[in-house]
Amino acid sequence: MTHRTPTAVIFVYGTLLSGMALSEALAGATFLGHGRADGVLYDLGCYPGLQAGMDTVYGELYAVDRARLARLDRIEGFDPHDWAGSLYLRRPVDVRPLDGGPLVAAHGYFYRAQARLTRSIPCGDYRRYRLEQSNGPQWYIAYGSNMSSARLRARLGHDRIGPVETGHLEGYALRFNKQAGDGGVYANLTYQGTGHHCPFVAYRLDLDDIHLLDVYEGEPDHYVRLGLPFPKADGHLGLGHVYVAAPERVIPDQTPDPNYLRHLRDGYAEHGFDPDALPSAPLP
């Protein structure tokens, strides 16, 4: 995670997320990575609302200056001089970075109108929830062993994996720091900042297939499935499902099993990436 001393750190979980309707309000702000917080997320129609609670809510962390913070307050309908008349209240919230780092003291916007809180978002991730509400095939973003179509087909038990998009996730890196149940290590996607980019392959899958991958990935105890925007060949952003290691499973980087690494090399070669560009040793 990128570290700097900001005016404030904001935890966003809804339409301010990257790729969502109001994300431009954070253009130019310093993205610090992904995190999770305690709370309950609710579907309010065109946007979600956060309430205090003991469920898990996933979002993004940004460092913002005073002027941008005031703009976000206006967008969220928060008046620091009139809490009773505000739509949302900006309150402190502790956020656990998904990269395994220490808790971050941030601010989040909590919805006030209790009467509208009737439909919760059980997965706690607004982008994933929006994907799951749509019909038809959905994008699945692979950056590890499932980049190999042979590996993916074997897991799904069929050949219906639809069109493919390939590219790089800017600011992200492939890490071998996800602890396996047998003591080994698997691939993980982490935000590292400017100068990093991670190759990916996005497949079109039915939601039932993605639910099957949940089993393989040990979701949510080993990997957490989140929604994430990705660049498409036509210049637009797509939104897909991606598996990121749960922070409790993040360990220092290690060298993966050669058989596991072979799947990655096969996937890289299949989709035009250089297999020799794969990390050959743990990152410092």
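Student: Now, about the overall build of the protein: what can you tell me, with residues and values included?
Tutor: Per the secondary structure count, the protein includes five helices and 12 strands. By principal-axis analysis of the C-alpha atoms, the protein measures approximately 60 × 40 × 40 Å. Within the protein, the fraction of its 284 residues that count as buried is 54%. Contacts in the protein between residues far apart in sequence, at least 24 positions, make up 69% of those at least 6 positions apart. For the protein, the computed accessible surface area is about 13100 Å², with 50% contributed by carbon and sulfur atoms. The average position of the 27 basic charges and that of the 33 acidic charges among the side chains of the protein differ by 4 Å.

Student: Let's hear about the sheet that holds strand β7 (residues 164-170): which residues, and what values?
Tutor: If you walk across this open sheet you meet the five strands as β7-β10-β6-β12-β11, and the pairing is mixed. Two strands close off the open sheet at either side, each with one partner strand: β7 and β11 (223-231). The mean inter-strand angle of the sheet, taken between neighbouring strand axes irrespective of direction, is 35°. As paired strands, strand β6 (residues 138-142) and strand β10 (residues 197-205) are joined by five bridges and run antiparallel to one another. Note on β10: the bridge partner recorded for tryptophan 139 is arginine 204.

Student: How would you explain the packing of aromatic side chains if you had to name every residue and give the values?
Tutor: On inspection of all chains with the given rule, the structure shows 11 aromatic pairs. Their ring planes at 55° and their centres at 6.4 Å tell us that tyrosine 47 and tyrosine 88 sit as a pair that is tilted. Highlighted residues: tyrosine 47 in the loop between β2 (30-43) and β3 (48-64) and tyrosine 88 in strand β4 (residues 88-97), separated in sequence by 41 residues. Measuring from ring centre to ring centre gives 6.1 Å for tyrosine 140 and tyrosine 243, while their planes differ by 65°; the resulting arrangement is edge-to-face. With tyrosine 140 in strand β6 and tyrosine 243 in strand β12 (residues 237-245), this residue pair connects regions lying 103 residues apart in the sequence. An identical accessibility class is assigned to tyrosine 140 and tyrosine 243; each is buried. Put simply, the rings of Phe31, Tyr62, Tyr172 and Tyr191 touch in pairs and so form one group of aromatic residues. Lying across the ring of phenylalanine 110, arginine 91 places its NZ or CZ 6.0 Å from the centre. Over the aromatic face of tryptophan 139 sits the side chain of arginine 204, whose NZ or CZ is 4.9 Å from the ring centroid.

Student: Now, about the pairing of β11: what can you tell me, with residues and values included?
Tutor: In terms of residue burial, β11 counts as a mostly covered element, since eight of its nine residues are buried. The pairing of β11 with β12 spans nine bridges and is antiparallel. Bridge assignment links arginine 225 to a residue of β12, and that residue is tyrosine 243. Hairpin remark: β11 followed by β12, antiparallel, with five residues in the connecting loop; positive phi at glycine 235, about 90°.

Student: Break down the confidence of the model for the protein for me, with residues and values.
Tutor: Overall, the prediction assigns the protein a mean pLDDT of 93, with 96% of residues at 70 or greater. Every residue in residues 1-5 scores below 50 in pLDDT, and together they form 14 contacts with partners more than four places removed in sequence or on other chains.

Student: I'd love a proper account of the pattern of salt bridges, names of residues and values included.
Tutor: Under the counting rule described, the total for this entry stands at 13 salt bridges. A salt bridge links arginine 119 to aspartate 43; the nearest nitrogen and oxygen atoms lie 2.9 Å apart. Placement of the pair is arginine 119 in the loop between β5 (104-111) and α2 (126-133) and aspartate 43 in strand β2, with a sequence separation of 76 residues. On the accessibility criterion, arginine 119 (46% relative accessible area) is partly exposed. A salt bridge links aspartate 276 to arginine 265; the shortest N-O distance between them is 3.3 Å. Note that aspartate 276 is positioned in the segment after α5 (258-270) and arginine 265 in helix α5, a separation of 11 residues in sequence. In the salt-bridge network here, residues are joined through shared partners; they are Arg128, Glu132, Asp214, Glu219 and Arg225.

Student: Go over unusual backbone geometry with me, naming the residues and quoting the values.
Tutor: In this chain, glutamate 219 is followed by proline 220 through a cis amide linkage whose omega measures 5°. Following the sequence through the fold, proline 220 ends up in the loop between α4 (207-217) and β11.

Student: With reference to specific residues and values, describe the pairing of strand β9 (residues 185-191).
Tutor: For β9, a buried count of six out of seven residues is recorded, marking the element as mostly surrounded by other parts of the structure. As judged from the six bridges shared by strand β8 (residues 172-179) and β9, these two strands associate in the antiparallel manner. Along β9, the bridge assignment pairs lysine 178 with tyrosine 186. Hairpin connection from β8 to β9: five residues lie between these consecutive antiparallel strands, with glycine 183 at a positive phi of about 95°.

Calculation notes
Residues numbered from 1 in each chain as written. Predicted model: local features only at pLDDT ≥ 70, side-chain atom pairs only at ≥ 80, totals over all residues. Heavy atoms only, no water. Helix = DSSP H or I, 4+ residues; strand = E, 2+ residues; numbered from the N terminus. Buried < 20%, exposed > 50% of the residue type's maximum accessible area, 1.4 Å probe, protein only. Contact = heavy atoms within 4.5 Å. Areas by Shrake-Rupley, 256 points an atom, 1.4 Å probe, with all protein chains shown as cover. Lys, Arg positive; Asp, Glu negative; His and termini not counted. Charge placed at Lys NZ, Arg CZ, Asp CG, Glu CD. Pairing = 2+ DSSP bridges. Axes fitted to C-alpha atoms, helices over the stretch in contact; angles between N-to-C directions. Phe/Tyr/Trp six-rings, centres within 6.5 Å; stacked < 30°, edge-to-face > 60°. Lys NZ or Arg CZ within 6 Å of the ring centre and 35° of its normal. pLDDT = per-residue confidence, 0-100. Salt bridge = Lys/Arg side-chain N within 4 Å of Asp/Glu carboxyl O.

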